Amino acid sequence: MGKNTDQKGKNNPNWRGGKKKYTCLRCGKLFYSYTESKYCSCECYYEVKKLGNILKQCLTCGKEFETSKVGGRVYCIRFV
Ligand SMILES: [Zn+2]
Ligand SMILES: [Zn+2]
């Protein structure tokens, strides 16, 4: 007891040293990546490649953003 909860640094599963925070353009999920990425997973990437992207207008601020044709988000990344 106690040792497992004392995770620090690289032993911590939430450790994200050097990684940047991104928002998946398809599902809107937050994720971390060392390189600039648009999608949280291969699944999202291939879904978008398969379906193609469209520009949608954000319901909140009216700004256009890119999302998938099917099941895309309705808000731009500022409101995720
Ligand atoms: Zn995603
Ligand atoms: Zn917006």
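It should be emphasised that the depicted structure is a prediction, and the values quoted were computed from it without experimental measurement.

How do you make sense of the environment of Glu47 when you look at a structure like this?
In this fold, Glu47 is placed in helix 1 (residues 42-51). Sequence separation of Glu47 and Ser68 is 21 residues, and the distance between their C-alpha atoms is 8.0 Å. Ignoring any residue separated from it by four or fewer positions in sequence, one finds Glu47 in contact with Arg26 and Ser68.

Can you walk me through the confidence of the model for the protein chain in this structure?
Low pLDDT marks regions whose predicted coordinates should not be analysed in detail. Across the protein chain, pLDDT averages 80, with 75% of residues at or above 70. Within the protein chain, the element-level pLDDT minimum falls on strand 4 (residues 64-68), averaging 83, and the maximum on strand 2 (residues 30-33), averaging 94.

Could you clarify how one ought to interpret the pairing of strand 4 in this entry?
Across a regular strand the side chains alternate sides, sitting on one face of the sheet and then on the other. Where strand 3 (residues 53-57) and strand 4 come together, five bridges link them in antiparallel fashion. The residue of strand 4 that forms the bridge with Ile54 is Thr67. Between the antiparallel neighbours strand 3 and strand 4 lie six residues, among them Gly62 with a positive phi of about 85°.

Reading the values: the criteria
Residues numbered from 1 in each chain as written. Chains lettered and ligands numbered in written order. Predicted model: local features only at pLDDT ≥ 70, side-chain atom pairs only at ≥ 80, totals over all residues. Helix = DSSP H or I, 4+ residues; strand = E, 2+ residues; numbered from the N terminus. Contact = placed C-beta atoms within 7 Å. pLDDT = per-residue confidence, 0-100. Pairing = 2+ DSSP bridges.

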